[in-house]
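# Remarks on the overall topology
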Amino acid sequence: MSAHFITELICLAGTLPIRQGRESLVFRHPGYGNLLLKVPRRDSLLLDRLDRAGRKPRLLRRYRAMAHWAWEYEEYLAAIARNGTLPDFMPQMVGFCRTDLGPAMVVECATGPQGDPAPSLADLHARAALPPDLPRLIDQFFAQLLDSGMLVRDLNPGNLVLTGTPRRLVMVEGLGDCARLPSLRLFAWMRRRNLAPRRRRLLRAMGLPSTPFAGPDAELQRGAEAKKRTDAIPT
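Procedures and definitions
- Counting of residues starts from 1 at the beginning of each chain's written sequence and follows it residue by residue.
- Where totals are concerned, whole chains, interfaces and linings use all residues; where local detail is concerned, this predicted model gives features only for residues with pLDDT of at least 70, and gives and counts side-chain atom pairs only at 80 or more.
- To obtain the side-chain values, all non-hydrogen atoms of the structure were used and water was disregarded.
- Strands are runs of DSSP state E lasting at least two residues, helices are runs of H or I lasting at least four, and both sets are numbered from the N terminus onward.
- The cut-offs for exposure are 20% and 50% of the maximum accessible area for each residue type, with area from a 1.4 Å probe on protein chains only; residues under the lower value are buried, those over the upper are exposed, and the others partly exposed.
- Contacts were defined at the residue level, with two residues in contact if any of their heavy atoms lie within 4.5 Å.
- All accessible-area figures derive from a Shrake-Rupley calculation using a 1.4 Å probe, and residue coverage is judged against the displayed protein chains alone.
- Given a helix with a known number of residues, its expected span is that number minus one, times 1.5 Å.
- Cavities and pockets were defined on a 1 Å grid built from protein atoms only: a cavity is a group of points that admits a 1.4 Å probe but offers it no way out, a pocket is an open group of points flanked by protein on both sides within 12 Å along at least five of seven lines, and a lining residue is one with an atom within 4 Å of any such point.
- Grid points are joined across faces, edges and corners, and a volume is the space filled by probe spheres set on the points.
- When residues are grouped by polarity, Ala, Val, Leu, Ile, Met, Phe, Trp, Tyr, Cys and Pro land in nonpolar, Asp, Glu, Lys and Arg in charged, and all others, Gly among them, in polar.
- Pairing of aromatic side chains here covers Phe, Tyr and the six-membered ring of Trp, requires ring centres within 6.5 Å, and sorts the geometry by plane angle: under 30 degrees stacked, over 60 edge-to-face, intermediate tilted.
- Any pair of nitrogen or oxygen atoms within 3.5 Å is treated as a polar contact; in protein, a donor-acceptor pairing is required on top of that, and neighbouring residues in sequence qualify only through side-chain atoms on both sides.
- For this analysis, a salt bridge means a side-chain nitrogen from Lys or Arg found within 4 Å of a carboxyl oxygen belonging to Asp or Glu.

## A word on the overall build of the protein
On a plain count of helices and strands, the protein comes out with nine helices and eight strands. The burial tally for the protein puts 43% of its 235 residues in the buried class. Counted over contacts in the protein with a minimum sequence separation of 6, partners at least 24 positions apart contribute 59%. Of the accessible surface of the protein, which amounts to about 12900 Å², a share of 55% is contributed by carbon and sulfur atoms.

Rendered as structure tokens:
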């Protein structure tokens, strides 16, 4: 990939994004079909949050509409530092480039069975095209998320896409933690406790039953039972 790739101004004005997230507009890279360009929305919820009264996270004050990039980039660095590579549910990040709509983050394009950009769970649900093995894929995703130690702040069906080969869920937006005191980063049991209800909400949003899971839910159940036994011991 040449220096021209980094310095070239990419024209996106008048191009329809392939998806619109809460924080970014996502475009197919015009010169590299296997890459996507994520451009911060000008009507980002982050900018709306800046206009509200009250204390804001430091990164939000500093990076404004691009604060989610800082949160995501931190998770990429943490994943590589911890595991030497990225988990399967994270797309590769290439870097940043200039566009006529502003700076863009360049990331791998997760693809579907036909080589086109992978559909999100929200898209599949709207088309009544959810695959029968989705509960297994969701459990696999949450098991990987729990094991990786990565943090997520926006876990909704629009941020998860279903790839073709290999079949897996990939999180294309919403990584990172915007809390001022990121306790979830410090304690694994807090991550498990945080993920369990979020998994149930995701299943419910997809119209799926909230089945037991041998990950966060099971850990929480065992912890609750252990606490009951401890509380029952006379002092």
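## A closer look at helix 6 (residues 134–148)
Helix length check: helix 6 (15 residues) gives 21 Å between terminal C-alpha atoms against 21 Å at 1.5 Å per residue, within 8%. Every buried residue of helix 6 is accounted for by Leu134, Leu137, Ile138, Phe141, Phe142, Leu145, Leu146 and Ser148. Glycine 149 sits one or two residues past helix 6 and shows a positive phi near 80°.

## Focus: empty space enclosed by the protein
One pass over the full model with this rule turns up two cavities of 30 Å³ or more. A volume near 30 Å³ is recorded for the second largest cavity. Around the second largest cavity sit Lys38, Glu72, Tyr76, Pro91, Met105, Val107, Met171, Val172, Glu173 and Leu175, which together line it. Contributions of two or more residues to the lining of the second largest cavity are made by helix 4 (67–83) and strand 6 (102–108). For the lining of the second largest cavity, the per-class residue count stands at seven nonpolar, no polar and three charged.

## Focus on unusual backbone geometry
With an omega dihedral of -5°, the bond running from threonine 165 to proline 166 counts as a cis peptide bond. One can find proline 166 in the loop between strand 7 (160–162) and strand 8 (169–171). Even without glycine at this site, alanine 128 takes up a positive phi of about 55°. By the element assignment, alanine 128 lies in the loop between helix 5 (121–126) and helix 6.

## Looking at the layout of surface pockets
Approximately 400 Å³ is the volume found for the largest pocket. In terms of lining residues, the largest pocket is bounded by 26 residues, among which Pro117, Ala118, Pro119, Ser120 and Val161 are the most central.

## Notes on the packing of aromatic side chains
Each aromatic ring pair is summarised here by two numbers: the centre-to-centre distance and the angle between the ring planes. Here the structure, examined in full by the defined rule, presents four aromatic pairs. Ring geometry for tryptophan 69 versus phenylalanine 96: centroids 5.3 Å apart, planes at 45°, classification tilted. Of this pair, tryptophan 69 sits in helix 4 while phenylalanine 96 sits in strand 5 (residues 93–99), and the two are 27 residues apart along the sequence. With relative accessibility at 7%, the residue tryptophan 69 sits in the buried group. On the accessibility criterion, phenylalanine 96 (37% relative accessible area) is partly exposed. Plain terms: the ring middles of phenylalanine 89 and phenylalanine 141 are 5.5 Å apart, the flat faces sit at 85° to each other, and that makes the pair edge-to-face. Here phenylalanine 89 is found in the loop between helix 4 and strand 5, whereas its partner phenylalanine 141 is found in helix 6, with 52 residues between them in sequence. Chaining the aromatic ring pairs together yields one cluster made of Trp69, Tyr73 and Phe96.

## Concerning the side chain of lysine 38
By the secondary structure assignment, lysine 38 is in strand 4 (residues 35–40). For lysine 38, the side chain forms a polar contact with the side chain of glutamate 72, separated by 3.3 Å. A polar atom in the side chain of lysine 38 sits 2.9 Å from the backbone oxygen of valine 172.

## Overview of the pattern of salt bridges
Applying the stated criterion to the full structure yields seven salt bridges. Linked through salt bridges whose partners overlap, the residues forming this network are Lys38, Glu72 and Glu173.

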